[in-house]
Protein chains: 2
Amino acid sequence: MSQTSRSTPATLHDVAREAGVSLATASRSLNGSTRKVNEAYRQKVLEAAARLGYTPNLSAQAVARGTTTTVALLVADIADPYFSSIAAGVVGQADSERLIVTMAETDRDSARELELVRAMRGQRPRVMILASSRRADDPAADALQAELTAYEQTGGRVVFISSTDQAFRTVELENRAGARALATEMVGLGYRRFGALMGPEGLRTGEDRIAGFTEGLVAAGFDLPADRTARTRFTRDGGYEGMRELIARGIGDTQLVFALNDVMAMGAMSALRDAGLEPGLDVAVAGFDDIPTVRDVTPTLTTVRLPLEEVGVRALRLALAESDADSGSPVPTEVVVRESTPRLADAV
Amino acid sequence: MSQTSRSTPATLHDVAREAGVSLATASRSLNGSTRKVNEAYRQKVLEAAARLGYTPNLSAQAVARGTTTTVALLVADIADPYFSSIAAGVVGQADSERLIVTMAETDRDSARELELVRAMRGQRPRVMILASSRRADDPAADALQAELTAYEQTGGRVVFISSTDQAFRTVELENRAGARALATEMVGLGYRRFGALMGPEGLRTGEDRIAGFTEGLVAAGFDLPADRTARTRFTRDGGYEGMRELIARGIGDTQLVFALNDVMAMGAMSALRDAGLEPGLDVAVAGFDDIPTVRDVTPTLTTVRLPLEEVGVRALRLALAESDADSGSPVPTEVVVRESTPRLADAV
DNA sequence: CTGTTAGCGCCTTCAG
DNA sequence: CTGAAGGCGCTAACAG
């Protein structure tokens with residue numbers, strides 16, 4: 001608003017002049033790592049800098065040093081609690097490592113993701129974290145792989161979240177094992193006839209979870225009939241529509257519907273209710289992720305807990321770690337049984 | 001993972017050599033705005049760049065051009081749907097303006113916010129968007145103001161979200177008017193005895209909403225008695241605890257509790273339920289923001305709708321606009337009545 | 001310990 | 001239209 005005349009930010013040069021020392025001394029006092037500078041000079045420089053409101057130009061530092069302090073984060077959908085929680089973890093950890101994070105959104109479009117990776121490469125980030133969705137049949141996969149390999153060869157570090165079988169460091173999420181455990185637990189509660197809300201074909205995370213869930217059922221002697229499943233988007237509305245579809249097709253005697261993530265499960269519960277069915281009572285519902293809000297819906301949602309923020313923290317740590325092997329223990333996963341899947345004697 | 005020898009990213013110099021042209025020509029072909037370069041040369045350069053996997057070094061460009069393509073975004077809490085929705089808007093808009101966004105989290109701590117602003121200044125961002133919380137009695141306010149003014153004087157543009165009375169561009173949210181309208185509407189539904197979950201003392205957004213709500217009640221001849229209110233944090237758990245406190249103090253014949261945001265309202269509803277009370281039936285609840293999940297809780301939550309993503313979009317647009325006056329129309333706000341506040345005859 | 005001097009990678013006048 | 005050269009803000013040898 002203020003219409004004061006516009007100037008340029010103070011440069012190190014200005015500070016040096018103001019303090020009556022050389023550029024080098026100013027640089028050393030302000031940003032030099034091993035301080036070997038007369039305390040008196042140092043003070044003068046610090047004061048001059050304060051007086052001038054000097055802030056080192058990070059771009060210039062990056063050019064001169066040949067290295068940045070940036071971490072690039074790619075997510076599918078920022079507003080989705082799954083990704084925003086991971087992002088919170090990354091940003092928090094970055095902060096304590098004095099790193100800056102830049103963020104972009106892929107919308108689960110792998111062509112777009114590839115573009116973004118290329119673009120972000122321009123920032124010469126120290127680290128690139130890909131929390132976007134992997135897919136099995138990705139046509140852009142090779143190009144992405146090439147791009148990322150080139151990036152790593154120039155000193156960058158890439159970390160994937162959730163996906164496997166990539167030639168890069170990965171924070172593995174136990175999508176499959178978690179879903180299998182969930183299935184086992186549900187069978188234990190007395191459920192026998194299952195349905196599921198699946199994601200778009202080929203999207204890894206979703207396929208893994210469904211596969212794990214199926215595995216668990218099969219191990220117990222049950223199955224997941226195709227006519228009790230529906231494919232939709234990964235979103236709340238996807239879940240809503242998917243459930244509507246199941247209902248429209250005749251949900252029949254399905255006892256429990258597994259939605260491959262909590263947001264979908266929540267949409268699904270609303271769809272049930274809107275159709276006059278009581279989630280948990282008429283049809284049980286289970287999700288995956290354990291996002292914060294699932295404790296506040298009615299009935300509270302049974303799900304598989306994933307420590308999302310910690311996943312973000314780990315991703316950055318893993319990226320910064322010296323050795324590849326340092327993936328550490330797998331991210332702990334835990335089935336959390338809540339009201340949406342009562343013991344079968346109680347309901348359903 | 002790959003143990004290939006590590007090299008450096010291709011530079012413009014490399015591209016020029018590979019293409020057999022001068023640095024200048026390469027620069028002009030690749031990034032020059034007004035392209036006045038022989039098409040044949042241009043092709044050669046483009047090919048060379050592709051062959052080398054060249055990506056312009058943004059830091060170097062920034063230093064040379066004296067301007068970046070960065071927008072810095074400060075939020076209080078990334079994982080909170082309110083902020084993540086705004087962030088999604090900012091990131092989306094930034095993307096279509098070919099800008100990069102860097103993000104940091106203040107935790108609603110104004111000292112921290114000041115630090116972050118200083119730090120972000122080092123990036124020389126074109127724009128700085130502050131969606132963090134303002135407070136009335138902020139001891140760091142002057143310092144922040146000074147820092148931001150200095151930033152604007154060196155060509156930066158700052159935009160606040162939600163707060164007023166700042167000497168900077170602002171995307172005004174009608175916190176007060178929205179809450180007032182909500183109060184009026186609630187009175188219209190037959191409610192007479194109100195309580196509220198307030199935020200930490202001094203936090204602008206919260207105070208404005210409570211003030212507006214009170215205003216609306218008073219205008220209708222009612223009030224918000226202090227003993228029916230509790231102060232807590234802005235979070236879901238804050239809402240839960242606040243409601244617990246109200247209940248512990250004896251919620252008495254309170255008919256409706258206004259929580260100053262949806263996350264708190266959702267926590268509050270859970271607290272009611274955990275205490276054996278039925279939200280909407282025993283005690284009505286209303287929130288503010290209209291975050292996505294409020295449609296999926298039971299009862300669905302009455303609230304004041306704020307187009308959060310659009311707020312983010314507007315913030316960036318406003319920052320980029322030539323003229324100050326271009327704040328455009330105020331962000332539309334709208335009371336959305338849902339099941340958590342049934343017409344009084346129906347319940348309560 | 002301090003100052004001088006090359007760069008870092010890129011852009012942009014300025015002559016040709 | 002092209003190339004040579006200087007400069008952006010900063011760092012990092014290198015001498016002193």
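Residues numbered from 1 in each chain as written. Chains lettered and ligands numbered in written order. Predicted model: local features only at pLDDT ≥ 70, side-chain atom pairs only at ≥ 80, totals over all residues. Heavy atoms only, no water.

Under an unreviewed UniProt entry, the name given to chain A is LacI family transcriptional regulator, and the organism recorded is Agromyces rhizosphaerae.

Draft legend 1. Examining the nonpolar core more closely. Grouped together as the largest cluster of nonpolar side chains are 156 residues, with contacts concentrated most on Met243 of chain A together with Met243 of chain B. Once you skip the residues sitting within four places of it in the chain, methionine 243 of chain B turns out to touch Leu197, Ile251, Val257, Ala268, Ala271, Leu272 and Val285 of chain B. (Core = buried A, V, L, I, M, F, W, Y, C linked by side-chain atoms within 4.5 Å. Buried < 20%, exposed > 50% of the residue type's maximum accessible area, 1.4 Å probe, protein only. Contact = heavy atoms within 4.5 Å.)

Draft legend 2. Main features of the relation of the copies chain B and chain A. Of the transformation superimposing chain B on chain A, the axial component is 0.0 Å and the angular component is 180 degrees, with the fit at an RMSD of 0.1 Å. In symmetry terms, the pair is related by a two-fold rotation axis. Both copies contact each other with a shared surface, as 100% of the interface residues of chain B are interface residues in chain A too. (Least-squares fit on C-alpha atoms with pLDDT ≥ 70 in both.)

Draft legend 3. Spotlight on the protein's contact with DNA strand C. Close contacts around DNA strand C come from 25 residues, with Thr25, Arg28 and Asn38 of chain A together with Leu12 and Gln61 of chain B the closest. Near the protein, within 4 Å, the atoms of DNA strand C are sugar or phosphate in 66% of cases. A distance of 3.2 Å separates a phosphate oxygen of DNA strand C from a polar backbone atom of serine 22 of chain A. Between a phosphate oxygen of DNA strand C and a side-chain N or O atom of glutamine 61 of chain B, the distance comes to 2.8 Å. (Near = heavy atom within 4 Å. Polar contact = N/O pair within 3.5 Å; in protein donor to acceptor, adjacent residues only side chain to side chain.)

Draft legend 4. A look at the pairing of strand S3 (residues 127–130) of chain A. All names here are of chain A. By the alternation rule, side chains of S3 split into Val127 and Ile129 and Met128 and Leu130, which are all buried. Direction of pairing for strand S1 (residues 70–75) relative to S3: parallel, over a ladder of four bridges. Across the sheet, residue leucine 74 finds its bridge partner in S3, namely leucine 130. Inspection of the sheet shows S3 paired to strand S4 (residues 157–162) by four bridges, in the parallel sense. Of the residues in S4, the one forming a bridge with isoleucine 129 is valine 159. Where the polypeptide runs from S3 across helix H7 (residues 141–153) and back to S4, its parallel neighbour, the crossover connection is right-handed. (Helix = DSSP H or I, 4+ residues; strand = E, 2+ residues; numbered from the N terminus. Pairing = 2+ DSSP bridges. Right-handed = clockwise from strand over helix to strand, strands pointing away.)

Draft legend 5. Here's a closer look at the protein's contact with DNA strand D. Taken together, 25 residues surround DNA strand D, and among them Leu12 and Tyr54 of chain A together with Thr25, Asn38 and Tyr41 of chain B come closest. Near-protein atoms of DNA strand D (within 4 Å) split between backbone and bases, with sugar and phosphate holding 70%. For DNA strand D, a phosphate oxygen lies 3.2 Å from a polar atom in the side chain of asparagine 31 of chain A. Between arginine 28 of chain B and DNA strand D, the recorded distance is 2.7 Å, taken from a side-chain N or O atom to a base nitrogen. Looking at the surface near DNA strand D, the elements with two or more residues in it are helix H2 (23–30) and helix H4 (58–65) of chain A together with helix H2 (23–30) and helix H4 (58–65) of chain B. In terms of residue count, the dominant contributor to the surface near DNA strand D is H4 of chain A (five residues).

Draft legend 6. Representation of the sheet that holds strand S5 (residues 169–172) of chain A within the structure. Spatial ordering of the open sheet is given by S5(A)-S4(A)-S3(A)-S1(A)-S2(A)-S2(B)-S1(B)-S3(B)-S4(B)-S5(B), a layout of ten strands whose pairing is mixed. Of all the strands in the sheet, just S5 of chain A together with strand S5 (169–172) of chain B have a single pairing partner and so form its edges. The mean inter-strand angle of the sheet, taken between neighbouring strand axes irrespective of direction, is 25 degrees. With three bridges joining them, strand S2 (residues 100–105) of chain A and strand S2 (residues 100–105) of chain B adopt antiparallel strand pairing. Residue valine 101 of chain A lies in a different strand from S2 of chain B, and its bridge partner there is methionine 103 of chain B. With respect to the sheet, helix H12 (residues 308–320) of chain A is in contact with S1, S3, S4 and S5 of chain A, its orientation differing from that of S5 of chain A by roughly 155 degrees. (Axes fitted to C-alpha atoms, helices over the stretch in contact; angles between N-to-C directions.)

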